[in-house]
Amino acid sequence: MPPDAPSMVAATYVRNIDASRAFYQLLGFREHSAGRAETSGWTVMHLDGLSVLLASTTPPLEIPRLPLLFYFFYADLDAVVAVLDVAGVQLTRTGHPPHALGGEVKVLDPDGNTVLLGQRERSASQAPAAGDEGLLQFSLLKETAAVVAARGGTSRACQVHDSNGGPCPNRAEVKLADSLGDMTWVCLIHAEEILVTVPAAFIASQGDGGIAAFLARH
Ligand SMILES: [Zn+2]
């Protein structure tokens, strides 16, 4: 029998805990407990059964911007969107993907990370989703490529060769790695193919030192 695990706390480091608290309050979270010490601060925020722990340190940690930080599902997405609109938060509607037939929007948290808000089912009051063409479809790979580009990008070509041995003509946009330690820069089309067909492949973050850097610090 699997162990009982009635709840989970998702934790993230933030640069400014007051700005982040205000952001999560717009999403409906309320502060449950908080603490502050000389060089750190934290707050736990609740919404229904969800818990988010925000923590910050002084001096701030070097925090990479993430292509996806959290995905929250709401029963009534429009109500949340109305609150965000009043607060002047920029949001992008990303359509009605199969996992969010009631709609999906993308917002950025105060640290620039992507937070997705979705509604699983279309509600009776919503018009049938038509004309999603033209709306940006959220893609984790595209978000990752945007983060790479924001850090200066890469001038490399895609490192995949076709069956005739010719190089892929596309520019590389993301770095993939596998658990054996191999890494390659690839275009988005080949990245998708690799992630779907190579079970141990994952999106590699650019620039951090990995386990070697962790061990060097300890
Ligand atoms: Zn390619």
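Residues numbered from 1 in each chain as written. Predicted model: local features only at pLDDT ≥ 70, side-chain atom pairs only at ≥ 80, totals over all residues. Heavy atoms only, no water.

Digging into the pairing of strand β1 (residues 9-13)
We count it as follows: Only protein chains enter the area calculation, which uses a 1.4 Å probe; residues under 20% of their type maximum are buried, those over 50% are exposed, and those in between are partly exposed. Helix and strand definitions here come from DSSP, where helices need a minimum of 4 consecutive H or I residues and strands a minimum of 2 consecutive E residues; each element is numbered from the N-terminal end. We treat two strands as partners when DSSP finds at least two bridges between them.
Here β1 shows one buried face, formed by Ala10 and Thr12, and one open face, formed by Val9, Ala11 and Tyr13. As paired strands, β1 and strand β4 (residues 50-57) are joined by 5 bridges and run parallel to one another. Residue pairing across strands places Tyr13 opposite Ala55, the latter belonging to β4.

Things to note about the confidence of the model for the protein chain
Parts of the model with low pLDDT should not have their predicted coordinates read in detail. Applicable threshold: On a scale of 0 to 100, pLDDT captures the predictor's confidence in every residue.
Summary statistics for the protein chain give a mean pLDDT of 87 and a share of 92% for residues scoring 70 or more. By mean pLDDT, the top-scoring element of the protein chain is helix α1 (residues 17-26) (97), and the lowest-scoring one is helix α5 (residues 210-217) (73).

Some remarks on the coordination of the zinc ion
Defined as follows: Metal sites are built from N, O and S donor atoms within 2.8 Å, or 3.2 Å for Na, K and Ca, and they leave out water, so they may look incomplete. Site shape is set this way: if four donors have all angles between 85 and 135 degrees, tetrahedral; if opposite donors are over 155 degrees apart and all others between 65 and 115, square planar for four donors and octahedral for six; otherwise irregular.
Within the protein, the zinc ion binds to Cys158 (SG), Cys168 (SG), Cys187 (SG) and His190 (ND1); these donor distances fall in the range 2.0 to 2.3 Å. Around the zinc ion sit 4 donor atoms; with metal-centred angles ranging over 105 to 116°, the donor geometry is tetrahedral. Between consecutive donor residues of the zinc ion, the sequence gaps follow C-x9-C-x18-C-x2-H. You can see Cys158 sitting in the loop between α3 (140-150) and β9 (174-178) and its partner His190 sitting in helix α4 (residues 188-197), a full 32 residues away along the chain. Per residue, the accessibility class of Cys158 equals that of His190, and both read buried.

Brief notes about the nonpolar core
Worth spelling out the cut-off: The nonpolar core is taken to be a set of buried Ala, Val, Leu, Ile, Met, Phe, Trp, Tyr and Cys residues, with the residues joined through side-chain atoms within 4.5 Å. By the convention used here, residues are in contact when the closest approach between their heavy atoms is within 4.5 Å.
Core analysis: the largest hydrophobic core is formed by 24 residues, its most contacted members being Tyr24, Leu27, Phe29, Phe72, Val115 and Leu117. For this core, the secondary-structure elements that each account for two or more residues are α1, β3 (40-47), β4, β5 (70-73), α2 (77-86), β7 (103-108) and β8 (114-119). The biggest single contributor to this core is α2, with 4 residues. In this structure, Leu27 is in contact with Leu47, Phe72, Tyr74, Val80, Leu84, Val115 and Leu117, ignoring residues within four places of it in sequence. If you look at the next biggest cluster of nonpolar residues, it comprises 13 residues, including Val160, Leu176, Val186 and Leu188.

Concerning the sheet that holds β4
The condition is simple: The axes are straight lines fitted to the C-alpha atoms, using for helices just the contacting stretch, and the angles between their N-to-C directions are given from 0 to 180°.
Sheet architecture is open: 4 strands sit in the order β1-β4-β3-β2, paired in mixed fashion. Lying at the two open borders of the sheet, with one neighbouring strand each, are β1 and β2 (30-36). Mean inter-strand twist for the sheet, computed between neighbouring axes without regard to direction, equals 15°. Note: β2 against β3, 6 bridges, orientation antiparallel. Bridge pairing in β3 links Arg30 to His46.

Remarks on the packing of α3 against α4
Short version of the rule: With respect to orientation, any angle under 35 degrees is reported as roughly parallel, any angle over 145 as roughly antiparallel, any angle of 65 to 115 as roughly perpendicular, and every other angle as oblique. Two helices cross in a left-handed way if the nearer one is turned anticlockwise from the farther one by less than a right angle. They cross in a right-handed way if the turn is clockwise. Any residue outside Ala, Val, Leu, Ile, Met, Phe, Trp, Tyr, Cys, Pro, Asp, Glu, Lys and Arg is labelled polar, Gly included; the first ten of those are nonpolar and the last four are charged.
One can describe the packing of α3 onto α4 by two numbers: an axis separation of 10 Å at closest approach and a directional angle of 130°. When the axes of α3 and α4 are compared, the pair comes out oblique. Between α3 and α4 the crossing geometry is right-handed. Where α3 approaches α4, its residues Leu141, Lys142 and Ala145 are matched on the opposing element by Leu188, Ala191, Glu192 and Leu195. The class makeup of the residues in the contact of α3 with α4 is 5 nonpolar, no polar and 2 charged.

Thoughts on the sheet that holds β8
Read from one edge of the open sheet, 4 strands run β5-β8-β7-β6, paired in mixed fashion. Edge positions in the open sheet fall to β5 and β6 (91-93), since each of these has one partner strand only. Taken over all neighbouring pairs, the strand axes of this sheet differ in orientation by 20° on average, direction set aside. By the bridge criterion, 6 bridges tie β7 to β8 in an arrangement that is antiparallel. In the strand pairing of β8, Lys106 is matched with Leu116.

Quick look at α1
As a reminder, the rule being used: By arc we mean the arc of the directions from the helix axis to the C-beta atoms, nothing more. For the purposes of these results, a polar contact is taken to be a pair of N or O atoms within 3.5 Å, where, inside protein, one atom must be able to donate a hydrogen and its partner to accept one; residues adjacent in sequence count only when each atom of the pair is a side-chain atom.
Within α1, the full set of buried residues consists of Ile17, Ser20, Arg21, Phe23 and Tyr24. Projected down its long axis, α1 shows its buried positions confined to an angular sector of 160°, all on one face. N-cap assignment for α1: the residue whose side-chain oxygen lies 2.9 Å from the backbone N of Asp18 is Asn16. Gly28, located one to two residues past α1, shows a positive phi value of around 105°.

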